[in-house]
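Here's the letter readout for the chains.
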Amino acid sequence: RSMYLPKILPMFTFFLTSSLCLVAHADDLNHYDLKLESLGGVHYGERLDQVQNRLGKARSITNPMKDSINNCDKQVMYYDNDLEVEICSTPSRTTVYSVRVVKNDKVSTAKGARTGMSLKQIKSIYPNSVTIQEHTVLIQDNKTHMRLRFLLTNRTVYEISLFKEKKDKKTRKRDKKKWNF
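Residues numbered from 1 in each chain as written. Predicted model: local features only at pLDDT ≥ 70, side-chain atom pairs only at ≥ 80, totals over all residues. Heavy atoms only, no water.

Time to look at the overall build of the protein. Across its full length, the protein holds four helices and nine strands. Ordered by position from the N terminus, the helices and strands of the protein form the series α-α-β-β-β-β-β-α-β-β-β-β-α. Of all 181 residues assigned to the protein, the portion counted as buried reaches 42%. When the accessible surface of the protein is summed, it comes to about 10900 Å², and 54% of that surface belongs to carbon and sulfur atoms. (Helix = DSSP H or I, 4+ residues; strand = E, 2+ residues; numbered from the N terminus. Buried < 20%, exposed > 50% of the residue type's maximum accessible area, 1.4 Å probe, protein only. Areas by Shrake-Rupley, 256 points an atom, 1.4 Å probe, with all protein chains shown as cover.)

Our next topic: the pairing of strand β5 (residues 94-102). Looking down a regular strand, the side chains alternate between one sheet face and the other. As defined by bridge partners, strand β4 (residues 83-89) adjoins β5 across seven bridges and the pair is classed as antiparallel. By the bridge assignment, isoleucine 87 is partnered in β5 with valine 96. Hairpin connection of β4 to β5: four residues between the antiparallel strands. The pairing of β5 with strand β9 (residues 156-164) spans five bridges and is antiparallel. Along β9, the bridge assignment pairs serine 98 with phenylalanine 163. (Pairing = 2+ DSSP bridges.)

To continue, consider the nonpolar core. Judged by nonpolar contacts, the single largest core of 31 residues is most densely connected at Tyr79, Leu83, Val85, Ile122, Tyr126, Leu148 and Phe150. Elements that contribute at least two residues to this core include exactly α2 (48-55), β4, β5, α3 (119-125), β7 (136-140), β8 (146-153) and β9. Broken down by element, this core gets its largest block of residues, four residues, from β8. Once you skip the residues sitting within four places of it in the chain, leucine 148 turns out to touch Leu34, Glu37, Thr109, Tyr126, Val137, Leu138, Ile139, Ile160, Ser161 and Leu162. (Core = buried A, V, L, I, M, F, W, Y, C linked by side-chain atoms within 4.5 Å. Contact = heavy atoms within 4.5 Å.)

As structure tokens, this is what we get:
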């Protein structure tokens with residue numbers, strides 16, 4: 001029996017449960033315009049050179065990994081302020097694919113939400129957010145499928161992520177249902 005199994009198993013179970021719950025509740029999310037939202041001043045889809053001009057050089061960068069779904073090479077860049085920026089590179093451009101911060105109250109969203117805040121504080125900043133099983137607060141832009149996610153422990157935020165929901169049959173069905181003009 002591995003000595004790491006007791007440490008890894010609860011984390012794996014949490015992330016698996018969290019992912020399943022996010023999929024199950026996606027249709028219940030209220031629309032919230034996230035096109036101006038950022039995390040640590042970094043916006044989804046922003047060019048890498050803009051991020052580097054603002055944050056400087058990354059402390060470390062992962063090796064590129066081919067993403068066949070998005071037809072790009074992905075890397076994660078780690079900055080001194082503990083911001084994690086995932087980039088997607090094609091031959092013509094390199095843009096931000098997701099942004100994440102864990103347990104750093106110096107990095108905030110555009111509206112001022114930070115790790116360490118209570119669930120009540122997050123709900124007052126983002127009143128249209130949906131709480132899922134007391135460990136996830138989710139805000140979704142139904143037009144662009146961007147999401148702002150807060151992960152909680154003991155009703156306190158420990159992680160914030162800004163990303164785009166993957167396109168699949170369900171998102172296309174929601175697009176057709178809600179935005180067919």
